[in-house]
Amino acid sequence: DKYLNLLGEFGGLDVQADIVDYLSGSYMVALLPRPNNPLPALNIPFDLLIVARVDSDDTRDGAIKLLQNVFDLEPLTDETIGDWNFARLGLGNEAVFSLGVRDGTLMIATGDAAARALDAQRGDNRLIDQPAWQTLSETVRPDLYVDRAAFINTLFPSSGGAVPSADNRTQLGLYGTYQGNQIYGLEVVTVIPTGG
């Protein structure tokens, strides 16, 4: 609470009024591996992609203020990818975050995650076209999806680490359902290759 007050006092940002109040529905968070090329400034081995439904384009401005205050980043030249216009924040000439709003959707991305997401929207390399995802989402879409090989190679890489073929990977899906009376059920489904 004190940190939020400091953001308001010194950063000119009211997180509730400038961001949270505009969030209006579903959202998605993805970590996209980049183990051999850590993200500048944050030094993390993955790109972050956040997509959320919002009520106002002003949400982007609130998110920009928040990221500038938290990570001490400078505004860079805007970038257009397809029909999207992204404000970029970074250090020197190197972009760290790209933020865009279009048709009630806010996208916050690091590295080239925004371009990769928009490529997937047009049909390139879609997760929903992968056999493991299709198996895990036959009846309902999982709330959390993890590809074990990508997870380990991203967060715990080893030199010369091998990536198994698509039909020889372990994937996990987590499903949450509301049971009523403030009780939630969690179901974990795992696709394990049999080697056959």
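Residues numbered from 1 in each chain as written. Predicted model: local features only at pLDDT ≥ 70, side-chain atom pairs only at ≥ 80, totals over all residues. Heavy atoms only, no water.

Enquirer: Requested: an account of the overall build of the chain, with residues and values cited.
Expert: When its secondary structure is counted, the chain shows six helices and nine strands. A burial count over the chain gives 31% of its 196 residues as buried. Within the chain, counting contacts between residues at least 6 apart in sequence, those at least 24 apart form 50% of the total. When the accessible area of the chain is evaluated, it comes to approximately 12,400 Å², of which 51% is carbon and sulfur surface. (Helix = DSSP H or I, 4+ residues; strand = E, 2+ residues; numbered from the N terminus. Buried < 20%, exposed > 50% of the residue type's maximum accessible area, 1.4 Å probe, protein only. Contact = heavy atoms within 4.5 Å. Areas by Shrake-Rupley, 256 points an atom, 1.4 Å probe, with all protein chains shown as cover.)

Enquirer: Before we move on, can you summarise the nonpolar core with the specific residues and values?
Expert: Membership of the largest hydrophobic core comes to 14 residues, with the highest contact counts inside it found for Leu67, Leu89, Phe97, Leu99 and Ile108. Of all the secondary structure elements, the ones that give two or more residues to this core are helix H3 (58–71), strand S4 (84–91), strand S5 (94–102) and strand S6 (105–110). A per-element tally of this core places S5 first, with four residues. Once residues within four sequence positions are removed from consideration, Phe97 is found in contact with Leu42, Leu67, Phe71, Leu73, Ala87, Arg88, Leu89, Ile108, Ala109 and Thr110. (Core = buried A, V, L, I, M, F, W, Y, C linked by side-chain atoms within 4.5 Å.)

Enquirer: Outline the sheet that holds strand S7 (residues 144–147), listing residues and values.
Expert: With antiparallel pairing, three strands are arranged side by side in an open sheet as S7-S8-S9. Strands with a single pairing partner mark the edges of an open sheet, and in this sheet they are S7 and strand S9 (183–191). With strand direction ignored, the average angle separating the axes of adjacent strands in the sheet is 15 degrees. Inspection of the sheet shows strand S8 (residues 171–180) paired to S9 by nine bridges, in the antiparallel sense. In the sheet register, Tyr178 faces S9, and the bridge partner there is Tyr184. (Pairing = 2+ DSSP bridges. Axes fitted to C-alpha atoms, helices over the stretch in contact; angles between N-to-C directions.)

Enquirer: Just give me the short version of helix H6 (residues 148–155), but keep the residues and values in it.
Expert: Regarding H6, the residues found buried are Ala149, Asn153 and Thr154. Each buried residue of H6 sits inside an arc of 120 degrees when the element is viewed along its axis, so together they form one side. The opening residue of H6 is Asp147, an N-cap whose side-chain oxygen sits 3.0 Å from the backbone nitrogen of Ala149. (Arc of directions from axis to C-beta. Polar contact = N/O pair within 3.5 Å; in protein donor to acceptor, adjacent residues only side chain to side chain.)

Enquirer: Any chance you could break down the layout of surface pockets for me, citing the residues and the numbers?
Expert: Here the largest pocket is characterised by a volume of approximately 2,300 Å³. Counting only elements with at least two residues in the lining of the largest pocket, the list comes to strand S1 (23–33), strand S2 (46–54), S6, helix H4 (113–121), helix H5 (131–136), S7 and H6. For the lining of the largest pocket, the leading source of residues is S1, giving eight residues. Looking at side-chain class alone, the lining of the largest pocket contains 31 nonpolar, eight polar and 11 charged residues. (1 Å grid on protein atoms, 1.4 Å probe; cavity = no way out; pocket = protein on both sides within 12 Å on 5 of 7 lines; lining within 4 Å. Points joined across faces, edges and corners; volume = space filled by probe spheres on them. Nonpolar A, V, L, I, M, F, W, Y, C, P; charged D, E, K, R; others polar.)

Enquirer: Please provide a residue-by-residue account of the confidence of the model for the chain, values included.
Expert: Interpretation of the predicted coordinates at a detailed level should be avoided for regions scoring low in pLDDT. Looking at the chain as a whole, the pLDDT averages 81, with 83% of positions reaching at least 70. Per-residue pLDDT, averaged within each element of the chain, yields its smallest value for helix H1 (residues 2–11) (52) and its largest for S4 (94). (pLDDT = per-residue confidence, 0-100.)

Enquirer: How would you explain the pairing of strand S3 (residues 74–81) if you had to name every residue and give the values?
Expert: Looking at chain direction, S3 and S4 are connected through six bridges and run antiparallel. Along S4, the bridge assignment pairs Pro75 with Leu89. Counted along the chain from S3 to the antiparallel partner S4, the turn is two residues long, and its residue Gly82 has a positive phi close to 60 degrees.

Enquirer: So what's going on with a nonpolar patch on the surface? Residues and values would help.
Expert: On the surface, Phe151, Ile152, Leu155 and Phe156 cluster together to form a nonpolar patch covering roughly 360 Å² of accessible area. Relative to the elements of secondary structure, Ile152 occurs in helix H6. (Patch = residues over 30% accessible without salt bridge, like charges linked within 9 Å, V, L, I, M, F, W, Y side chains within 5 Å. Salt bridge = Lys/Arg side-chain N within 4 Å of Asp/Glu carboxyl O.)

Enquirer: So what's going on with the pattern of salt bridges? Which residues, and what values?
Expert: All told, the structure shown has five salt bridges when counted by the stated rule. Notably, a salt bridge pairs Asp47 with Arg34, separated by 2.9 Å at the nearest N-O pair. Of the two residues, Asp47 is situated in strand S2 and Arg34 in the loop between S1 and S2; the sequence distance between them amounts to 13 residues. Taken together, the shared-partner salt bridges in this structure form one network comprising Asp83, Arg102 and Asp103.

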